[in-house]
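# Structural overview
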Amino acid sequence: MDTSRGNSMLKELLGVEHAIIQAPMAGGVTTEELVGAVSRAGGLGMIGAGGMDPEALRKTIHGLKRRNVGAFGANLFVPWGFKVTEENIAGAYERLRPVYDHFGLEQETFIPPDTEDVKMKFDAQLDVIVEEEVPVCSFIFGIPESRHIERLKEAGTILLGTATTVEEAEAVERAGFDAVVLQGAEAGGHRGTFLNPVDDSLVGLMSLIPETADQLSIPVIAAGGIMDGRGVAAAMILGAAGVQLGTAFISTEESGAHPVHKNALSENRHTPSVLTKVFTGRAARAIQNTFIRDMAVHTKSMVDYPVQRRLTQPVQDASKAAGSTEYAMLLAGQGKSMARYMSAGELVRQLVIEAKAFGVEV
Ligand SMILES: Cc1cc2nc3c(=O)[nH]c(=O)nc-3n(C[C@H](O)[C@H](O)[C@H](O)COP(=O)(O)O)c2cc1C
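Residues numbered from 1 in each chain as written. Predicted model: local features only at pLDDT ≥ 70, side-chain atom pairs only at ≥ 80, totals over all residues. Heavy atoms only, no water.

For the chain, the helix and strand inventory stands at 14 helices and 11 strands. Computed over the C-alpha atoms, the radius of gyration of the chain is 19 Å, within 12% of the 21 Å expected from 2.2 N^0.38 for a compact globule of 362 residues. Oriented by its inertia axes, the alpha-carbon framework of the chain measures out at about 55 × 45 × 40 Å. Relative to its 362 residues, the chain shows a buried fraction of 59%. Considering only contacts in the chain between residues 6 or more positions apart, those separated by 24 or more positions represent 68%. On the chain, roughly 14,800 Å² of surface is accessible, and the fraction owed to carbon and sulfur atoms is 50%. Counting 33 positive and 45 negative side-chain charges, the chain places the centres of these two groups 3 Å from one another. (Helix = DSSP H or I, 4+ residues; strand = E, 2+ residues; numbered from the N terminus. Rg over C-alpha atoms; globule rule 2.2 N^0.38 Å. Buried < 20%, exposed > 50% of the residue type's maximum accessible area, 1.4 Å probe, protein only. Contact = heavy atoms within 4.5 Å. Areas by Shrake-Rupley, 256 points an atom, 1.4 Å probe, with all protein chains shown as cover. Lys, Arg positive; Asp, Glu negative; His and termini not counted. Charge placed at Lys NZ, Arg CZ, Asp CG, Glu CD.)

We now examine the packing of helix α9 (residues 229-237) against helix α14 (residues 344-356). Where α9 meets α14, the closest approach of the two axes is 7 Å, and the angle between their N-to-C directions is 60°. Our classification of the angle between α9 and α14 gives oblique. Crossing of α9 over α14 shows right-handed handedness. Along its contact with α9, which presents Gly229, Val232 and Ala233, the element α14 presents Leu351, Glu354 and Ala355. (Axes fitted to C-alpha atoms, helices over the stretch in contact; angles between N-to-C directions. Parallel < 35°, antiparallel > 145°, perpendicular 65-115°, else oblique. Left-handed = near helix turned anticlockwise from the far one by under 90°.)

Right, let's get into the site of the ligand. As a structural note, the neighbourhood of the ligand is formed by 22 residues, with Asn75, Gly225, Gln244, Gly246 and Thr247 the closest of them. One of the side-chain N or O atoms of Gln183 is found 3.2 Å from an oxygen atom in the ligand. Within the backbone of Gly246, a nitrogen or oxygen atom sits 2.9 Å from an oxygen atom of the ligand. If the ligand stood free it would expose 590 Å²; the protein chains cover 96% of that surface. Broken down by secondary-structure element, the contributors of at least two residues to the shell around the ligand are β3 (72-77), β9 (242-245) and α10 (247-250). (Near = heavy atom within 4 Å. Polar contact = N/O pair within 3.5 Å; in protein donor to acceptor, adjacent residues only side chain to side chain.)

In terms of burial, β3 is largely enclosed, as six of its six residues are buried. Burial of β3 is two-sided: the residues Phe72, Ala74 and Leu76 facing one way and the residues Gly73, Asn75 and Phe77 facing the other way are all buried. By the bridge criterion, four bridges tie strand β2 (residues 45-48) to β3 in an arrangement that is parallel. Among the inter-strand pairings, Ile47 is bridged to a residue of β3, identified as Ala74. Crossover handedness for the path β2 to helix α3 (residues 54-67) to β3: right-handed. As defined by bridge partners, β3 adjoins strand β4 (residues 136-140) across five bridges and the pair is classed as parallel. When the sheet's bridge partners are listed, Leu76 is paired in β4 with Phe139. (Pairing = 2+ DSSP bridges. Right-handed = clockwise from strand over helix to strand, strands pointing away.)

Here the focus is helix α2 (residues 32-40). Counting buried residues in α2 gives seven out of nine residues, a clear majority hidden from the surface. In this structure, the buried residues of α2 make contact with β1 (20-22), β2, α3, β3, α10 and α14. Positive backbone phi, at 100°, marks Gly42, one or two positions downstream of α2.

Pairing is antiparallel in the open sheet, where three strands are placed in the order β7-β11-β10. Two strands lie at the open edges of the sheet, namely β7 (189-190) and β10 (273-276), each paired on one side alone. Where β7 lies against strand β11 (residues 284-287), two bridges are found, and the strand directions are antiparallel. Within β11, the residue paired with His190 across the bridge is Ala284.

Following this line, the structure appears as C-alpha cells:
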C-alpha cells in the first residue's frame, strides 16, 4: 500500500489529525495527563493498561472522557502461559540476595500467580474496554482469542496488533486487525515477539517496514528508535502509514516516569540500551547498568514474567529512591540520547513540522 493512501486510511481509522501514536507504556509512564495532551495535540494517546487493575483503567478512561480529549486508546497484554513454583521463587530470591542486602530490603513470602490469574485479569480489562467504548485497543505479546476479537469488533473498537517480524505481521492481518504496529529491533521496552524466537525478531525498521508493507494490505505503524521528524519522515518514506513513539515521550513533562529514568535518557549518552531479561523474565530493551551486568549470568534460570518483575521491583524502587540508575529498570530505545524535555503536545507539533520539512505529511 502506498504511504499517503495508508496514512489517510490510518488517520480515518483512528479518528486523528496526525498518525502519531504515543506508545502505551505500562508501569505508570502513560499518565492520564500524557495521553490527554497527545490526543489534544492531534495524535493518539494510549493508556498502558497491561498491568492495570480494571477499576484503575476505568478511572483513567473516565478522566479522559471528562477532559474531552478526542480519540484515545488502551493497550493490553495478551495472556501467556507460564509456570512458577515456590521453589523457583526461593531460588530467584537467593540469586537476588546480594542486591536485597545492599539496599537493606526484606524478601516477602507469597503464593505465585498462574496463567489463570492472568487470563481472568485480561477478561476483566476487556470488559472495561467494551463497556466504556474505548475507540482504539492495541495488544502486545500475541493475538487474543477470536471470541475476544469478535466482541471488540462488534463494539466498534479499532484493533491494533503488535508484530516484530513479517510472519507475525501477517498473522495479525489474518486475525482481522485494522492495523499493525511493527516493533523494530531499536524499540525500547519489552519485545512483543510471539511466534519467532526473540533472537530472530531483532530486525531493524530499515528493512522491517518495507518488507512488511509490501506483503500487507492493512496499514503498518513503525515503532523503534523514532525520536524526531527525521525518524518520522524516514519511516513514512519506507512505507509506514504512521508512527508510534515510546522513548521520545518518556522525557515529556506529563509522563509519569521517575526523574531518574527521564534524566538517564540523555545524561549517559554513551551508555547503550541493551536487551535483557533480568528485570522481568521477558526480553526488554533497557539502559545498561550494574544490575543488568551482574545478573546476566543467571539469565537462563530467570523465573517467568511477571514473577521476576515482582521480585526485582523493590530493588528497582530502592535504586530510584536513592537517585541511582544502577539497579533500576530504565526501559529505553536505541535513540534515547535524542530525548527532548518539553510538553507532550509540543513534541507532537514539533514532529509534524520536522517531518514536513522533508516533504512528509504525517
Ligand atoms: C518504558 C516503556 C514501556 C513500554 N510499555 C509497553 C506496553 O505496556 N505495551 C506495549 O505495547 N508496548 C510497550 N512499550 C513498547 C512501545 O510500544 C514501542 O514499541 C517502543 O517504545 C518503540 O520504541 P522507542 O521506545 O524507541 O520509541 C514500552 C516501551 C517503553 C520505552
